[in-house]
Amino acid sequence: MFPGVQDSEWSGVFALPSPCPNLNPTGPYGSFRQVVSMLPPLFLGVEPHHTVLDLCAAPGSKTFQMLEVMHWPQSEGGTPPTGFILANELQWRRANMLAHQVGRLGSPCMVVVNCDAQFFPEMSSASSDRREIFRFDRVLCDVPCSGDGTLRKTPYIWRSWTPRDGLCLHIRQLNILYRGLELLKVGGRLVYSTCSLNPIEDEAVVAAALKRHGAAVKLVPPPESMCSVQAGDGLATWVVPNPEKTGEFFEDFESAPNEVKSGKTKLLSTMYPPTGDFKEQWEQVRRYCRRLLPHLMDTGGFFIATFEKRADLAPSAKARREEKRAQLKAKEETTETAEAEAEEEKEKEPEKPKEKVVFRRLTKEYLPVDSVLPEWPEVLDFYGLDVSLSHRFVMRAEGDKSIFLVSEAAAELLRQEVKLPTRMVMCGVAAFQRTGSHHERACPWQLAPSAQEGAAQLCALKLRRQLACSRSFLRQLLVERELTIAEVRSLAAQGDATGLEALSEADGGAFSPGSIALTLSSKDEGERPPFALVANASESSLELLLRQQEAGSLMEDLAGQPTVQEILATNQQEGLNEDDEADSGDREADDV
């Protein structure tokens, strides 16, 4: 199975242990989802260094899963991930819901934008003599669909379902897949998936992409870890319904009347099984497309196809038309008549200068912190962070109350340029927040108490103001919420805290006031993912900056959470006990 995935049974659910369990309501297991919903990210094979694009991300469960997988090596003691996941959503309300969902994990690798996936902008950066196009290692196209594969959990769909439901979505799905392949790196992998079993939304879209791009893209088999998934092969034939008449179907595009080839819901040639020399591609569609049928594993219905990009794609039809138009214009200008006319036009009016394409930053919402915050060097000095990390911190253009930390690749993403800026909903994790009042010797920018995971990520960057504590120390602080400096020094003398020397004043006496990150010491950490709590130190006390509900959740986390197997065993035992009680009650009733 996939690293970090705990499975009960294929017919049940998967649970991914959370790499950032501090404030996660599910405890150490970050999320529980149906098997079929989790498969597309597993087919994608995300790694910590990958640049990932999720074109249709809302509501965010698959994005959240990929983010957990990206952080998994760090939770086992490895280095933080250097890649990022760029999640896109068309609707503004759903984009904000997506940002809230993935924001619970508190990852510097997360970026959320709001634009149409069919027209996702091409990003590039200026080099010495040309522009470098930015491409992604992995692309997930979990496209909008009719959802007929979810009929088991949403039976009310039966009331309105018709065989024509997939017709109006086909062209949109096709455009999203085309755009995803264009944005993919050569050698990269793209997963196309739907929760529909309609071949017009599934095999027809996949076959159209293969026919258009030829040898530049290829379907590949699922990863070896997914071999135990029971699924049907891709379809080779299907019929297309008449959008105007119920019960009438067409086997090929030529047999359809002209009246159904125009209008709002028109039939397209890409909706039918391709004809001509398509034998090799059909073999790929049949062997490598996976149809997750409900009766095979007691799940919902799903369709998954995995593409690999082998070469750069040929120019699009629009680009080809523009090139042909330019060639025809150049050919006409070679004739004497065209030259004479051109000379006359030049004498009549001066030649207009060509409009220069203007490139702008990817987003206007986030700006590099060192370009907008004059006191940024003092913040770095107070927390002991290297100045070379400055490019990984950003601020919102509107409002200056938070500083956000992003991963190395996400910082590179923010330096990309586009013709039209996109609307960015969120970027990274909050690392610092400006306080309304602070000690005169403390930094006005404190560690963000609203995002405890931000402190954990800063600790991985060798934050100087951190205190490694034992479990007993953290439990006492979570209960009492505040300890005197004398108590802290006493616990440190007993070996329950290390790192006090970095928090003391220059004379080695009083505590240096300001924010402190409290981490679980490595000897007590064991197999749990690392985490950090934010506290505020004054000259006399150490106060935990945490809400009471969050403190209670962390107390349970420190005590240790049960595994999935233990939970299932407990539920099974409770079920047996209930059955025994019911049998006992029946016997007593019979005796009476």
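Residues numbered from 1 in each chain as written. Predicted model: local features only at pLDDT ≥ 70, side-chain atom pairs only at ≥ 80, totals over all residues. Heavy atoms only, no water.

### Brief notes about the overall build of the protein chain
This is how the line gets drawn: In this description a helix means any DSSP run of H or I spanning at least four residues, a strand means any run of E spanning at least two, and both kinds are numbered starting from the N terminus. The buried label applies to any residue whose accessible area, calculated with a 1.4 Å probe on protein chains only, is under 20% of its type's maximum; exposed applies above 50%, and partly exposed to all values in between. In this description, accessible areas are obtained by the Shrake-Rupley approach with a 1.4 Å probe, and a residue is regarded as covered only by the protein chains that are shown.
When its secondary structure is counted, the protein chain shows 18 helices and 29 strands. A burial count over the protein chain gives 49% of its 592 residues as buried. Entry remark: accessible area of the protein chain is about 29,200 Å², with carbon and sulfur atoms responsible for 50%.

### A short note on the pattern of salt bridges
Put simply, the rule is: Note on definitions: salt bridges are taken to be side-chain nitrogens of Lys or Arg within 4 Å of carboxyl oxygens of Asp or Glu.
According to the stated counting rule, one finds 16 salt bridges in the structure shown. Notably, a salt bridge pairs Arg-290 with Asp-233, separated by 3.1 Å at the nearest N-O pair. A residue pair is termed long-range when its members are at least 10 positions apart, and Arg-290 in strand 14 (residues 290-292) and Asp-233 in the loop between strand 11 (217-219) and strand 12 (240-241) qualify at 57 residues. In this structure Asp-233 comes out as partly exposed when scored by relative accessible area, which is 47%. Sharing partners across several salt bridges, the network here consists of Arg-189, Glu-308 and Arg-310.

### Let's talk about unusual backbone geometry
Phi is mostly negative for residues that are not glycine, and the peptide bonds are mostly trans. The omega torsion of the bond from Ala-58 to Pro-59 falls at 5 degrees, within 30 degrees of zero and hence cis. Secondary-structure assignment places Pro-59 in the loop between strand 4 (51-54) and helix 2 (61-75). Its identity as a non-glycine residue notwithstanding, Asp-298 has a phi of 60 degrees, on the positive side. Here Asp-298 shows up in the loop between helix 7 (294-297) and strand 15 (302-309). In this structure, Lys-462 takes a positive phi of about 70 degrees despite not being glycine. Locating Lys-462 in the fold gives a position in the loop between helix 13 (452-460) and strand 24 (466-469).

### Some words on the pairing of strand 29 (residues 541-544)
We apply this condition: Note on pairing: DSSP must find at least two bridges between two strands before they are called paired.
Bridge count for strand 25 (residues 482-484) against strand 29 is 3 bridges, and the pairing is antiparallel. Following the sheet pairing, Thr-484 is matched in strand 29 by Ser-541. With 3 bridges joining them, strand 28 (residues 532-537) and strand 29 adopt antiparallel strand pairing. In the sheet register, Ala-537 faces strand 29, and the bridge partner there is Leu-542. The antiparallel pairing of strand 28 with strand 29 creates a hairpin that spans 3 residues between the two strands.

### Let's talk about the sheet that holds strand 23 (residues 445-447)
This is how the line gets drawn: Simply put, an axis is a line fit to the C-alpha atoms, just over the touching stretch for a helix, and the angle between two N-to-C directions goes from 0 to 180 degrees. We call two residues contacting when some pair of their heavy atoms lies within 4.5 Å.
The 5 strands lie next to each other as 17-18-19-22-23, forming an open sheet whose pairing is antiparallel. The two strands at the open ends of the sheet, each matched to only one other strand, are strand 17 (366-368) and strand 23. Taking each pair of neighbouring strands and ignoring which way they run, the sheet shows an average axis angle of 40 degrees. Each of strand 18 (393-396), strand 19 (402-405), strand 22 (429-434) and strand 23 is contacted by helix 11 (residues 376-383), which is oriented at about 40 degrees to strand 23, the strand it contacts most.

### A word on the packing of aromatic side chains
For clarity, the cut-off: Under the pairing criterion, centres of Phe, Tyr and Trp rings, with the six-membered ring standing for Trp, must be within 6.5 Å; the plane angle then separates stacked pairs below 30 degrees from edge-to-face pairs above 60, leaving the rest tilted.
Within this structure, the stated rule accounts for 13 aromatic pairs. Ring centres 6.2 Å apart and planes at 25 degrees place the aromatic pair Phe-84 and Phe-134 in the stacked group. With a gap of 50 residues between them, Phe-84 in strand 5 (residues 84-88) and Phe-134 in the loop between strand 8 (131-133) and strand 9 (136-142) connect regions that are remote in the sequence. Summarising the burial analysis for this pair, Phe-84 and Phe-134 share the class buried.

### Focus: the pairing of strand 24
Here strand 24 shows a clear split, with Leu-467 and Cys-469 buried on one side and none of Gln-466 and Ala-468 buried on the other. As paired elements, strand 24 and strand 27 (residues 514-520) share 4 bridges and run parallel to each other. Across the sheet, Cys-469 pairs through a bridge with Leu-520, a residue of strand 27. As judged from the 2 bridges shared by strand 24 and strand 26 (residues 497-498), these two strands associate in the antiparallel manner. Within strand 26, the position partnered with Ala-468 by the bridge is Thr-498.

### Some remarks on helix 2
Heads up, the condition is: Between the first and last residue of a helix there are one fewer steps than residues, each counted as 1.5 Å, and that sum is the expected span.
Taking 1.5 Å per residue as the helical rise, helix 2 with its 15 residues ought to reach 21 Å, and the 20 Å between its terminal C-alpha atoms agrees with that figure. In terms of burial, helix 2 is a largely internal element, 13 of the 15 residues being buried.

### Overview of the sheet that holds strand 28
If you trace the 6 strands from one edge of the open sheet to the other, you get 25-29-28-27-24-26, paired in mixed fashion. Unpaired on one side and paired on the other, strand 25 and strand 26 mark the two borders of the sheet. Here helix 14 (residues 471-480) sits on the sheet in contact with strand 24, strand 25, strand 26, strand 27, strand 28 and strand 29, set at roughly 110 degrees to strand 25. The sheet strands contacting helix 15 (residues 485-493) are strand 24, strand 25, strand 26 and strand 29, and the helix crosses strand 25 at an angle near 80 degrees.

### As for the environment of Arg-415
With respect to the helices, strands and loops of the structure, Arg-415 is situated in the loop between helix 12 (408-414) and strand 20 (417-418). Arg-415 gets classed as partly exposed once you look at its relative accessible area, which sits at 46%. On a C-alpha basis, the gap between Arg-415 and Arg-361 in space is 6.7 Å, while along the polypeptide they are 54 residues apart.

### Points about the UniProt feature "active site" (unreviewed entry) in the protein chain
Operational definition: UniProt positions are given in the numbering used here, feature names are shortened, and annotations may be inferred rather than shown by experiment.
Cross-referencing UniProt, the feature "active site" (unreviewed entry) maps to Cys-195 in the present numbering. Here Cys-195 shows up in the loop between strand 10 (184-194) and helix 5 (203-213). Cys-195 has contacts with Cys-145, Gly-147, Asp-148, Gly-149, Thr-150, Gly-301 and Phe-302, leaving out every residue within four places of it along the chain.

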